[in-house]
Amino acid sequence: MLDFIYYPVSWILWFWHRVFGFAFGADNGLSWALSVVFLVFTLRLVLYKPFVRQVRTTKQMQELQPQIKELQKKYKNDRQKMALEMQKLQKDHGFNPLMGCLPILAQVPVFLGLFHVLRSFNRTGTGFGQLGMDPYTNAHTPNYVFNVDDVQSFLSARIFGAPISAFITAPYEELQAFADYGGTPSRVSIAAVAIPLMVIAAVATHFNARASVARQSAEAAANPQAAIMNKLALWVFPFGVLIGGPFLPIAVLLYWVSNNIWTYGQQHLVFGRMAKEDEAKKQAKMEKQAQNAPKPGAKPVDTRKKQPAKPAEGSEDAAADGAAEANGSSPAKTNAKPKQSGQRRPGGQKRSGNRGRANQKRRR
């Protein structure tokens, strides 16, 4: 049913086994262990860009928290309007919440696919999803892209005496599948390899979660939902590794350890680059402000709009305009009668309209 997951996982594991089998030998446990480790690295390399987007999405979500709270407060009685405004806010800022979940969601099917493919090397169990084969039939049945020789090579592979597909709580019948290919392993040898891997995986999970929590803003950490998720990531998930470890094959524990190691290194790389980008933006902003600032000793330039020049003193028009402006009205709106262009003398002759003004100037 999930062959579209099982076959790609098998192909990647098969490829790396060919690479490391050429260097260390096909039946060597180190070859199979490194194949699992590089299966993880291949997946995480493919998901590198989505991981960067996830980090940027998380950071953007923290920056938008004040605006989101305002919308929640403003439209607390209208959920439909709140949803529309939230979508508009996300669209305006290019924010996609799904990008924050994509890397995690992509790893889940790979983890399940790897778990199934590894269990399918030993199908002698009778539990859920097992076929209950006898040891001979199991060793001579291909496993997805792995042929019969690959299945027998996997059964022969050992890490410090433990098969990488074995787990601490495996029934004795399942351990018999390894009898003809390196002997039946003991639970002590399996536990001696599995328990250190469980502890390392739990500690690595805790420290990766602590690094993520330390980068959260104070407002984001104060969110009740975020606080619950932080506690789960810091304590419940690592504890879950210790509880579920005895039921997981050694190869799956290797997957978990290598996945956490990659996550730890990738977080420091990505967050370090983002910190440099933020510092560069801050420096560029400061340089721009410094360029716009006046040079030392230079007189600041008044960029305000200059007032129009006042008319010269001594003219009647200027006095009239000034009086009109002081009274809040323009000269055009005064009720004074317009002066005639010329007045008649008693003898019937016209007097020049400008004569009186010129005489006044002479008197002055």
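Each value, and the rule that gives it
- Residues numbered from 1 in each chain as written.
- Predicted model: local features only at pLDDT ≥ 70, side-chain atom pairs only at ≥ 80, totals over all residues.
- Heavy atoms only, no water.
- Core = buried A, V, L, I, M, F, W, Y, C linked by side-chain atoms within 4.5 Å.
- Buried < 20%, exposed > 50% of the residue type's maximum accessible area, 1.4 Å probe, protein only.
- Helix = DSSP H or I, 4+ residues; strand = E, 2+ residues; numbered from the N terminus.
- Contact = heavy atoms within 4.5 Å.
- Phe/Tyr/Trp six-rings, centres within 6.5 Å; stacked < 30°, edge-to-face > 60°.
- Polar contact = N/O pair within 3.5 Å; in protein donor to acceptor, adjacent residues only side chain to side chain.
- Salt bridge = Lys/Arg side-chain N within 4 Å of Asp/Glu carboxyl O.
- pLDDT = per-residue confidence, 0-100.
- Expected span 1.5 Å × (residues − 1).
- Axes fitted to C-alpha atoms, helices over the stretch in contact; angles between N-to-C directions.
- Parallel < 35°, antiparallel > 145°, perpendicular 65-115°, else oblique.
- Left-handed = near helix turned anticlockwise from the far one by under 90°.
- Nonpolar A, V, L, I, M, F, W, Y, C, P; charged D, E, K, R; others polar.

(A) How the structure looks around the nonpolar core. Leu-118 and Phe-121 are the most contacted members of the largest nonpolar core, which has 50 residues in total. Among the elements of the structure, α1 (3-24), α2 (29-46), α6 (102-119), α8 (148-156), α10 (187-214) and α13 (250-292) are those that each provide at least two residues to this core. Ranked by residues supplied to this core, first place goes to α10 with 8 residues. Among all residues touching Phe-121, those that are not within four sequence positions of it are Trp-32, Asn-138, Asn-143, Phe-146, Asp-150, Val-151, Phe-154 and Leu-155. Leu-64, Leu-71, Met-82 and Met-86 belong to the second largest nonpolar core, which has 7 residues in total.

(B) Representation of the packing of aromatic side chains within the structure. If you walk through the whole model with that rule in mind, you get 16 aromatic pairs. A centroid spacing of 5.2 Å and a plane angle of 90 degrees characterise the contact between Tyr-7 and Tyr-144, whose relative ring orientation is edge-to-face. Taken together, the residues span a long stretch of sequence, with Tyr-7 in helix α1 and Tyr-144 in the loop between α7 (135-139) and α8 at a distance of 137 residues. The exposure class assigned to Tyr-7 is partly exposed, which follows from its relative accessible area of 36%. Overall, Tyr-144 belongs to the partly exposed group, its relative accessible area being 25%.

(C) Seen up close, the side chain of Ser-31. Of note, Ser-31 is situated in helix α2. Looking at Ser-31, its side chain comes within polar contact range of the main-chain oxygen of Phe-20, at 3.2 Å. Not counting residues up to four positions away in its chain, the partners in contact with Ser-31 are His-17, Phe-20, Gly-21, Phe-24 and Gly-25.

(D) Here's a closer look at the side chain of Ser-153. Topologically, Ser-153 is positioned in helix α8. The buried category is assigned to Ser-153, whose relative accessible area is 4%. In this structure the side chain of Ser-153 is engaged in a polar contact, spanning 2.7 Å, whose partner is the side chain of Asp-27. With residues near it in sequence (within four places) discarded, Ser-153 still touches His-17, Ala-26, Asp-27 and Trp-32.

(E) Structural detail: the pattern of salt bridges. Scanning all chains against the criterion turns up 2 salt bridges. The partner of Asp-150 in a salt bridge is Arg-18, and the shortest N-O contact between them spans 3.3 Å. With Asp-150 in helix α8 and Arg-18 in helix α1, the pair connects residues that are 132 residues apart, well separated along the chain. Given a relative accessible area of 5%, Asp-150 falls into the buried group. Under the relative-accessibility criterion, Arg-18 is labelled partly exposed at 34%. Lys-81 is paired through a salt bridge with Glu-85; the nearest N and O atoms lie 3.4 Å apart.

(F) Just the confidence of the model for the chain, in detail. Mean pLDDT over the chain: 79, with 75% of residues reaching 70 or higher. Taken together, the stretch residues 328-342 has pLDDT below 50 and engages in 9 contacts with residues farther than four places along the chain or on a different chain.

(G) Structural context of α1. Spanning 22 residues, α1 covers 30 Å between terminal C-alpha atoms, matching the ideal 32 Å at 1.5 Å per step. Of the positions making up α1, those classed as buried are Ile-5, Tyr-6, Val-9, Ser-10, Leu-13, Trp-16, His-17, Phe-20 and Gly-21. Downstream of α1 by one or two residues, Gly-25 has phi in the positive range, about 105 degrees.

(H) Just the packing of helix α4 (residues 65-74) against helix α5 (residues 79-92), in detail. Following both chains from N to C, one finds α4 and α5 inclined at 160 degrees, their axes separated by 9 Å at the closest point. Our classification of the angle between α4 and α5 gives roughly antiparallel. Between α4 and α5 lies a crossing of right-handed hand. The residues of α5 that touch α4, namely those facing Gln-67, Ile-68, Leu-71 and Gln-72, are Met-82, Glu-85, Met-86 and Leu-89. Grouping the amino acids of the contact of α4 with α5 by side-chain chemistry returns 5 nonpolar, 2 polar and 1 charged.

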